[in-house]
Amino acid sequence: MRVLVTGGAGYVGSHACKALSQAGHEPVAADNLSQGRRSAVKWGPLEVGDVTDPAFLDAIFASHKPDAVMHFAALSLVGDSVARPAQYYRANVAGGIELLDAMRRAGIGVIVFSSSAAVYGVPDTSPILEDSPKAPINAYGATKLSLEMALKDYEKAYGLQWAALRYFNAAGADPDGEIGELHDPETHAIPLAVKAAMGQGGVFRLFGEDYPTEDGTCIRDYVHVTDLGDAHVKALEHLARGGESGAFNLGTSAGASVREIIAAVGAAAGRSVPVEAAPRRAGDPPILIASTARARTILGWTPVMSDMATIARTACAWHAKHAVP
Ligand code: UFG
């Protein structure tokens, strides 16, 4: 299949392009390069433009004639979304609707959407099932949930086939070192720990050591970005076979604490991570772990690189080569 990949120059989108290409599909990346990087587009053409622009969308659908869409293009910083919700609703919700309508005009009926565990907010059960209550606590999660709701309504009205993939904590880098995580600003725990170990990012600030977990630090379900890329291809192929539309959690069903990731990064870097205790970060639930049974049984997806040692090793290798001090 030829697949239009919005946000194809970004962190997860570029790994999906590689996974598509390795599976024999043809990715066409579309990206406004606000976060993405031209250098991350290696497995097909890049069209530079914005998903909020219907003329841009119509032009790329007409010239590339894709069979399906993977939609990653979005603003994705949780804290930023609380301060600037207008930009998040415009990019993530209005942009998503423009994309769905351009797909309808072009007669394309299959989409794999990059959603997030942020749709659940602060869950009262663990692990989190796809049917657990959706109660986002920030505008980022609300925008992802809004577009999921639109997908369902477009299915009912127009027959759209869709999969919403709710990532827990995307982490790691391409094992061949071709692409990796380069956010600016960087807010995520693993790349910040890697930079601190390499002497590039000052001291790692550990947000809270008094949570009700074994070592007192927050537990998250980290999933390797290469496994995420594979899940997108499996979701696409599931829909192409006429499989049922729906939402899927992507994680490992296991968790790691912040202390455990600091230890894994220290071991992978060969240098310990300098750490200083800091107050809790607002909005951080103590534990977020996915139930991944649905993706495993329906999509036939199994994460194979998501152990913490592999995540830390690939993240360190990428940052050693590419990170700007
Ligand atoms: N942390 C630190 N110090 C840091 C950065 C993070 O201690 O400098 C801690 C956080 O408090 C948290 C853990 O490390 O306990 C992971 O934090 P990240 O910022 O890496 O990831 P989050 O779990 O906050 O966010 C992830 C995704 C978001 C998504 C969210 C859903 O990155 O896109 O899960 O809950 F919205």
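See the structure above.
Computed from a prediction, not measured in an experiment: that's the story for all the values here.

Conventions used here
- For every chain, the first residue of its written sequence is number 1, and the numbers climb from 1 along that sequence.
- Note on the predicted model: pLDDT of at least 70 is required for a residue's local features to be given, and 80 or more for side-chain atom pairs to be given and counted; whole-chain, interface and lining totals, by contrast, use all residues.
- Here the side-chain values reflect all heavy atoms present in the structure, with hydrogen atoms and water set aside.
- Helix numbering and strand numbering both begin at the N terminus, where a helix is a DSSP run of H or I of at least 4 residues and a strand a DSSP run of E of at least 2.
- For every residue, the accessible area obtained with a 1.4 Å probe (protein chains only) is divided by the maximum for its type, and the residue is called buried under 20%, exposed over 50%, and partly exposed between those limits.
- By convention in this text, a residue qualifies as near a molecule or strand provided that one of its non-hydrogen atoms is within 4 Å of it.
- Counting of polar contacts relies on pairs of N or O atoms within 3.5 Å, with two restrictions inside protein: one atom must be capable of donating a hydrogen and the other of accepting it, and residues adjacent in sequence are counted only when both atoms are side-chain atoms.
- Using the Shrake-Rupley algorithm and a 1.4 Å probe, accessible areas are obtained, with residue cover drawn only from the displayed protein chains.
- When residues are sorted by character, Ala, Val, Leu, Ile, Met, Phe, Trp, Tyr, Cys and Pro go into the nonpolar class, Asp, Glu, Lys and Arg into the charged class, and all the rest, Gly among them, into the polar class.
- Either an automatic procedure or a domain database provided the assignment from which the domain bounds are taken.

*Asks:* Run through unusual backbone geometry, naming residues and quoting values.
*Replies:* Of the consecutive residues Ser 126 and Pro 127, the connecting peptide bond is found in the cis state with omega at 0 degrees. With respect to the secondary-structure elements, Pro 127 resides in the loop between strand 5 (110-116) and helix 5 (139-158). In this structure, the amide linkage connecting Asp 184 to the following residue, Pro 185, adopts the cis form with an omega of 5 degrees. With respect to the helices and strands, Pro 185 occurs in the loop between strand 7 (169-171) and helix 6 (189-197). Here the phi dihedral of Leu 33 falls at roughly 60 degrees; this positive angle occurs in a residue that is not glycine. Mapping Leu 33 onto the fold places it in the loop between strand 2 (26-31) and strand 3 (46-48). Using a relative accessible area of 23% as the deciding quantity, one classes Leu 33 as partly exposed. Within the chain, Lys 65 stands out as a residue other than glycine whose phi angle is a positive 45 degrees. As for its placement among the helices and strands, Lys 65 is situated in the loop between helix 2 (54-64) and strand 4 (68-71).

*Asks:* Which residues make up the site of the ligand, and what are the values?
*Replies:* The environment of the ligand is made up of 20 residues, and the closest members are Ala 189, Arg 205, Arg 220, Arg 281 and Asp 284. At 2.9 Å, a backbone N or O of Phe 207 approaches an oxygen atom of the ligand. Taking Arg 281, its side chain carries an N or O atom lying 2.7 Å from an oxygen atom of the ligand. Notes on the ligand: free accessible area 700 Å², of which the protein chains cover 88%. Secondary-structure elements contributing two or more residues to the shell around the ligand are helix 6 and strand 8 (204-207). Considering each element in turn, the shell around the ligand owes the most residues, four residues, to strand 8. The class makeup of the residues in the shell around the ligand is twelve nonpolar, four polar and four charged. For the shell around the ligand, the domains that each give at least three residues are domain 1 (2-171 + 223-250) and domain 2 (189-221 + 253-322).

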